[in-house]
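Architecture at a glance
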Amino acid sequence: MKMLKILALSALIGTGAMADDTLVLNMSHMENGLSNVQKGFLYNAPALIKGGVEEIKKSDALFHDVAATKKYLPKEKQHMSNIAFNAAKRIDTASNELIKALDKKEYSKAHQAYSEIVNACTACHAVVRGW
(Lines give C-alpha, C1' and ligand atoms only; values in the text may rest on other atoms or scores of the structure.)
Protein backbone atom coordinates (compact mmCIF):
# COMPACT_ATOMS: atom_id res chain seq x y z
CA MET A 1 0.00 0.00 0.00
CA LYS A 2 2.81 2.41 0.87
CA MET A 3 4.52 1.61 -2.42
CA LEU A 4 1.31 2.48 -4.25
CA LYS A 5 1.18 5.85 -2.50
CA ILE A 6 4.82 6.53 -3.34
CA LEU A 7 4.23 5.67 -6.98
CA ALA A 8 1.14 7.88 -7.12
CA LEU A 9 2.98 10.80 -5.54
CA SER A 10 5.90 10.28 -7.92
CA ALA A 11 3.50 10.39 -10.85
CA LEU A 12 2.02 13.66 -9.59
CA ILE A 13 5.42 15.22 -9.21
CA GLY A 14 6.61 13.86 -12.55
CA THR A 15 3.65 15.25 -14.46
CA GLY A 16 3.97 18.66 -12.89
CA ALA A 17 0.38 18.47 -11.60
CA MET A 18 1.61 19.37 -8.15
CA ALA A 19 5.26 20.22 -8.49
CA ASP A 20 5.64 21.61 -4.99
CA ASP A 21 7.00 18.88 -2.72
CA THR A 22 5.54 20.52 0.38
CA LEU A 23 2.03 20.38 -1.01
CA VAL A 24 2.39 16.79 -2.20
CA LEU A 25 3.72 15.67 1.17
CA ASN A 26 1.03 17.63 2.98
CA MET A 27 -1.74 16.09 0.89
CA SER A 28 -0.28 12.66 1.57
CA HIS A 29 -0.48 13.32 5.31
CA MET A 30 -4.03 14.60 4.92
CA GLU A 31 -5.02 11.46 3.03
CA ASN A 32 -3.42 9.29 5.69
CA GLY A 33 -5.33 11.11 8.41
CA LEU A 34 -8.61 10.70 6.54
CA SER A 35 -7.87 7.02 6.05
CA ASN A 36 -7.14 6.54 9.75
CA VAL A 37 -10.38 8.26 10.74
CA GLN A 38 -12.33 6.02 8.38
CA LYS A 39 -10.57 2.91 9.68
CA GLY A 40 -11.28 4.04 13.21
CA PHE A 41 -14.98 4.18 12.46
CA LEU A 42 -14.91 0.83 10.69
CA TYR A 43 -13.04 -0.93 13.49
CA ASN A 44 -14.60 0.95 16.42
CA ALA A 45 -11.22 2.40 17.40
CA PRO A 46 -11.68 5.92 18.84
CA ALA A 47 -7.92 6.32 19.38
CA LEU A 48 -7.32 5.75 15.66
CA ILE A 49 -10.01 8.33 14.85
CA LYS A 50 -8.43 10.90 17.16
CA GLY A 51 -4.97 10.26 15.74
CA GLY A 52 -6.32 10.70 12.22
CA VAL A 53 -8.03 13.95 13.15
CA GLU A 54 -4.79 15.27 14.62
CA GLU A 55 -2.97 14.43 11.41
CA ILE A 56 -5.68 16.16 9.39
CA LYS A 57 -5.50 19.28 11.56
CA LYS A 58 -1.71 19.38 11.35
CA SER A 59 -1.83 19.11 7.55
CA ASP A 60 -4.67 21.60 7.27
CA ALA A 61 -2.61 24.23 9.11
CA LEU A 62 -0.67 24.83 5.87
CA PHE A 63 -3.75 26.64 4.53
CA HIS A 64 -4.51 28.90 7.51
CA ASP A 65 -3.06 31.94 5.79
CA VAL A 66 -4.57 33.27 2.55
CA ALA A 67 -1.20 34.37 1.14
CA ALA A 68 0.41 31.01 1.94
CA THR A 69 -2.58 29.19 0.48
CA LYS A 70 -2.26 31.16 -2.74
CA LYS A 71 1.32 30.03 -3.40
CA TYR A 72 0.28 26.35 -3.37
CA LEU A 73 -2.40 26.77 -6.02
CA PRO A 74 -1.72 26.57 -9.75
CA LYS A 75 -1.07 30.04 -11.22
CA GLU A 76 -4.38 30.08 -13.08
CA LYS A 77 -6.24 29.28 -9.84
CA GLN A 78 -4.45 31.59 -7.40
CA HIS A 79 -7.16 34.21 -7.57
CA MET A 80 -9.46 31.64 -5.88
CA SER A 81 -7.24 31.12 -2.84
CA ASN A 82 -10.09 32.23 -0.58
CA ILE A 83 -11.93 29.00 -1.46
CA ALA A 84 -9.03 26.89 -0.23
CA PHE A 85 -8.68 29.11 2.84
CA ASN A 86 -12.40 28.74 3.64
CA ALA A 87 -12.18 24.98 3.09
CA ALA A 88 -9.36 24.88 5.66
CA LYS A 89 -11.56 26.72 8.17
CA ARG A 90 -14.39 24.25 7.49
CA ILE A 91 -12.00 21.36 8.08
CA ASP A 92 -10.94 22.86 11.42
CA THR A 93 -14.53 23.37 12.55
CA ALA A 94 -15.60 19.89 11.50
CA SER A 95 -12.51 18.33 13.11
CA ASN A 96 -13.33 19.99 16.43
CA GLU A 97 -16.96 18.87 16.16
CA LEU A 98 -15.85 15.32 15.40
CA ILE A 99 -13.69 15.14 18.53
CA LYS A 100 -16.42 16.63 20.74
CA ALA A 101 -18.99 14.15 19.42
CA LEU A 102 -16.57 11.27 19.77
CA ASP A 103 -15.85 12.18 23.40
CA LYS A 104 -19.60 12.15 24.06
CA LYS A 105 -19.86 8.77 22.28
CA GLU A 106 -22.17 10.36 19.70
CA TYR A 107 -20.74 8.30 16.86
CA SER A 108 -23.33 9.25 14.28
CA LYS A 109 -22.63 12.95 14.84
CA ALA A 110 -18.91 12.26 14.77
CA HIS A 111 -19.28 10.53 11.42
CA GLN A 112 -21.34 13.44 10.08
CA ALA A 113 -18.46 15.73 11.04
CA TYR A 114 -16.07 13.41 9.20
CA SER A 115 -18.30 13.71 6.13
CA GLU A 116 -18.09 17.49 6.42
CA ILE A 117 -14.28 17.26 6.43
CA VAL A 118 -14.39 15.24 3.21
CA ASN A 119 -16.88 17.71 1.70
CA ALA A 120 -14.54 20.62 2.50
CA CYS A 121 -11.65 18.74 0.89
CA THR A 122 -13.78 18.09 -2.18
CA ALA A 123 -14.79 21.76 -2.46
CA CYS A 124 -11.15 22.79 -2.60
CA HIS A 125 -10.19 20.01 -5.01
CA ALA A 126 -13.07 20.99 -7.27
CA VAL A 127 -11.45 24.39 -7.70
CA VAL A 128 -7.83 23.29 -7.90
CA ARG A 129 -8.49 20.36 -10.19
CA GLY A 130 -11.30 21.92 -12.18
CA TRP A 131 -13.85 19.22 -11.45
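Residues numbered from 1 in each chain as written. Predicted model: local features only at pLDDT ≥ 70, side-chain atom pairs only at ≥ 80, totals over all residues. Heavy atoms only, no water.

**Considering the overall build of the protein chain**
Along its length, the protein chain carries 6 helices and 0 strands. Secondary structure elements of the protein chain, listed N to C terminal, follow the sequence α-α-α-α-α-α. Looking at the protein chain as a whole, 36% of its 131 residues qualify as buried. Of the contacts made within the protein chain by residues no fewer than 6 positions apart, 56% connect residues no fewer than 24 positions apart. Just so you have it, the protein chain exposes about 7800 Å², and 59% of that area is on carbon and sulfur atoms. (Helix = DSSP H or I, 4+ residues; strand = E, 2+ residues; numbered from the N terminus. Buried < 20%, exposed > 50% of the residue type's maximum accessible area, 1.4 Å probe, protein only. Contact = heavy atoms within 4.5 Å. Areas by Shrake-Rupley, 256 points an atom, 1.4 Å probe, with all protein chains shown as cover.)

**Looking at helix α2 (residues 21–42)**
With 22 residues, α2 extends 31 Å between its outermost C-alpha atoms, agreeing within 8% with the 32 Å of an ideal straight helix rising 1.5 Å per residue. Looking only at α2, the buried set comprises L23, V24, N26, S28, M30, G33, L34, N36, V37, G40 and F41. (Expected span 1.5 Å × (residues − 1).)

**Things to note about the side chain of Q78**
Among the structural elements, Q78 can be located in the loop between α4 (66–72) and α5 (81–103). At 3.3 Å, the side chain of Q78 and the backbone oxygen of K70 are in polar contact. If we skip the residues at most four places from it in the chain, Q78 touches K70, K71 and L73. (Polar contact = N/O pair within 3.5 Å; in protein donor to acceptor, adjacent residues only side chain to side chain.)

**What about the packing of helix α3 (residues 46–60) against α5?**
Where α3 meets α5, the axes come as close as 10 Å, and the angle between the chain directions of the two elements is 160 degrees. As the angle between them shows, α3 and α5 are arranged roughly antiparallel. At the point where α3 passes α5, the crossing takes the left-handed sense. Contacts between α3 and α5 pair P46, I49, K50, V53, I56, K57 and D60 from the former with A88, I91, D92, S95, N96, L98, I99, L102 and D103 from the latter. Residues of the contact of α3 with α5, tallied by class, amount to 9 nonpolar, 2 polar and 5 charged. (Axes fitted to C-alpha atoms, helices over the stretch in contact; angles between N-to-C directions. Parallel < 35°, antiparallel > 145°, perpendicular 65-115°, else oblique. Left-handed = near helix turned anticlockwise from the far one by under 90°. Nonpolar A, V, L, I, M, F, W, Y, C, P; charged D, E, K, R; others polar.)

**Observations regarding the state of the cysteines**
Within this structure, the stated rule accounts for 0 disulfides. There is no disulfide at C121, and the cysteine sulfur nearest it, in C124, is 8.0 Å away. Look at C121 and you get buried, because its relative accessible area is 13%. (Disulfide = S-S within 2.5 Å.)

**Description of the confidence of the model for the protein chain**
For the protein chain, per-residue confidence averages 87 on the pLDDT scale, and 85% of positions sit at 70 or higher. Averaged over each element, pLDDT in the protein chain is lowest for helix α1 (residues 2–15) (51) and highest for α3 (97). (pLDDT = per-residue confidence, 0-100.)

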